[in-house]
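# Structural features, examined
Given next are the chains, with one letter for each unit.
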Amino acid sequence: KLVAMKPLIGGFDLSVVRGTTATRYNSSSLIENVAVDVPRLDYFGVSCPSVLVEGQATNLFLQSEDLNDSFWTGGQSRITVTSDAVASPISGVLADTFTSDTANGTHIQSKGRTGLTSGGSYSFSGFFKKNGYDLFVTLRANNNSNKISFVVDLDSGGISAFTEVGAATGTASVEAYPNDWYRVIANVNLITGATSVTSQLYMWDGSSESFTGDGVSGYHITGLQFEETKATSYIPTTTTTVTRNADVMSVTGLSGITTLTETFEDDT
């Protein structure tokens, strides 16, 4: 429950129902789980928290924090994965490290999701930190003839070379987290008839996604998410997809009240 400070009487307290756990960005600058039906006081980008209220969403990626799982390894080429290598923005979770081999070509992590809604919109997101190389992202809507792509500078979080190919359209954005981590978000709109999206994460040497690797450089990675419509707060998964229920807030006992304005305040 969110307890009203003003007015002190009159039943303005808010009951919160969600039915599932969810995540928030806490005052220690980490993403953490919040229990069922507990309001999420979120500190991302602010010192005084706001209440995070979202609709229902599902992470369609499995093993969101284990990039060495078989769910992912079939789509990896010219990279090695070191599990639980470095501290991440997610509380209690160590991020994996992708390292290039010394071959000439693309050093890539690829993963497709099928059975999607024709003409729908889908969002990819993940947390990345530079370890020598930057990031080149593509989201293919069925095939290479319809895709979006862009480069992320993992030193600054800047986006460049954003391209829409064929009939696919989309957007890209980056959110900065402490300790040089970035959450990269890409949205793609499927064309009519397209029912699959393939996310492709290439290492980028500054000029190309195809190059001879040095065998030691790459990037750190964790918290991969794929969901319908738009990116929402992080939803961790293991062996199955996970749905976070909507946050539903309600006020009872306000007979005769026709207009209600909520202001959330941190009284610390």
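Only a predicted model underlies this, so the values are computations on that prediction, with no experimental measurement involved.

### Re the sheet that holds strand S14 (residues 147–152)
An order of S7-S11-S18-S13-S14-S15 is seen for the 6 strands of this open sheet, with the pairing classed as antiparallel. Of all strands in the sheet, those with a lone pairing partner are strand S7 (76–77) and strand S15 (159–165), marking the two edges. As judged from the 6 bridges shared by strand S13 (residues 134–141) and S14, these two strands associate in the antiparallel manner. When the bridges of S14 are listed, Phe 136 appears paired with Val 151.

### Description of the packing of aromatic side chains
Centre-to-centre distance and the angle between the planes together describe a pair of aromatic rings. Under the defined criterion, the tally for this structure stands at 17 aromatic pairs. With a centroid separation of 5.6 Å and 50° between ring planes, the pair formed by Phe 98 and Tyr 219 is classed as tilted. Here the residue Phe 98 occupies a position in strand S9 (residues 94–100), and Tyr 219 occupies one in strand S20 (residues 218–228), the gap between them amounting to 121 residues. Each of the two residues, Phe 98 as well as Tyr 219, counts as buried. Taking the centre distance of 5.2 Å and the plane angle of 85° together, the rings of Phe 127 and Tyr 177 count as edge-to-face. With a gap of 50 residues between them, Phe 127 in strand S12 (residues 121–131) and Tyr 177 in strand S16 (residues 169–177) connect regions that are remote in the sequence. The pair Phe 127 / Tyr 177 is uniform in exposure class, with both members buried. Members of the aromatic cluster, joined through ring pairs, are Phe 61, Phe 71, Trp 72, Tyr 122, Phe 124 and Phe 226. The ring of Phe 71 carries Lys 111 above its face, with NZ or CZ at 4.0 Å from the centroid.

### Observations concerning the nonpolar core
Grouped together as the largest cluster of nonpolar side chains are 36 residues, with contacts concentrated most on Phe 128, Leu 135, Leu 201, Tyr 219 and Leu 224. Each residue touching Phe 128, except ones within four places of it in the same chain, is listed here: Leu 135, Leu 154, Asp 180, Trp 181, Tyr 182, Val 184, Leu 201, Tyr 219, His 220, Ile 221 and Leu 224. By size, the runner-up hydrophobic cluster in this structure holds 10 residues, among which are Ile 90, Tyr 177, Trp 181 and Tyr 234.

### Describing the pattern of salt bridges
For the coordinates displayed, the defined rule picks out 7 salt bridges. For Asp 247, the salt bridge is made with Arg 18, and the minimal N-O distance between the two is 2.9 Å. Of this pair, Asp 247 sits in the loop between strand S21 (242–244) and strand S22 (248–250) while Arg 18 sits in the loop between strand S1 (15–17) and strand S2 (22–25); the two residues are 229 residues apart in sequence, bridging distant segments of the chain. For Asp 247, a relative accessible area of 8% translates into the label buried.

### Examining the sheet that holds S20
The sheet built from 6 strands is open, its strands ordered S8-S9-S20-S12-S17-S16 with antiparallel pairing. If you trace the sheet from one side to the other, it starts and ends with strand S8 (79–87) and S16, each paired once. Between one strand and the next, the sheet's axes are offset by a mean angle of 30°, whatever the strand orientation. Of the strand pairs in this sheet, S9 and S20 are connected by 4 bridges, and their pairing is antiparallel. If you follow Phe 98 over to S20, its bridge partner there is Tyr 219.

### Considerations on the environment of Thr 238
Residue position: Thr 238 is located in the loop between S20 and S21. Taking the C-alpha atoms as reference, Thr 238 lies 6.5 Å from Ser 64; in sequence the two are 174 residues apart. The residues touching Thr 238, leaving out its near neighbours within four places in the chain, are Leu 62 and Gln 63.

### Looking at the pairing of strand S11 (residues 108–113)
By the bridge criterion, 2 bridges tie S7 to S11 in an arrangement that is antiparallel. Following the sheet pairing, Gln 76 is matched in S11 by Gln 109. For S11 and strand S18 (residues 197–204), the ladder comprises 6 bridges, and the chain directions are antiparallel. Residue Lys 111 lies in a different strand from S18, and its bridge partner there is Ser 199.

What counts, and at which threshold
- Per chain, residue numbering runs from 1 following the sequence as it is written.
- Residues qualify for local features only when their pLDDT is at least 70, as the model is predicted, and side-chain atom pairs are given and counted only at 80 or more; totals for whole chains, interfaces and linings, by contrast, use all residues.
- As a rule here, side-chain values cover all heavy atoms of the structure and leave hydrogens and water aside.
- Here, any two strands with at least 2 DSSP bridges between them count as paired.
- Secondary structure elements follow DSSP: runs of H or I of four or more residues count as helices, runs of E of two or more count as strands, with numbering from the N terminus.
- Centre distance within 6.5 Å is the pairing criterion for rings of Phe, Tyr and Trp, where only the six-membered ring of Trp is used; planes under 30 degrees apart are then read as stacked, over 60 as edge-to-face, and the remainder as tilted.
- Note on exposure labels: buried denotes an accessible area under 20% of the residue type's maximum, exposed denotes more than 50%, and partly exposed covers the range between, all computed with a 1.4 Å probe on protein chains only.
- Note on geometry: a ring has a charge over it if NZ (lysine) or CZ (arginine) is within 6 Å of the ring centre and within 35 degrees of the ring normal.
- Nonpolar cores were defined as sets of buried Ala, Val, Leu, Ile, Met, Phe, Trp, Tyr and Cys residues, with membership established by side-chain atoms within 4.5 Å.
- By definition in these notes, contact holds between two residues if any of their heavy atoms fall within 4.5 Å.
- Any carboxyl oxygen of Asp or Glu that lies within 4 Å of a side-chain nitrogen of Lys or Arg is treated as forming a salt bridge with it.
- For helices, the fitted line uses only the C-alpha atoms of the stretch in contact; every axis is such a line through C-alpha atoms, and the angle between N-to-C directions lies from 0 to 180 degrees.

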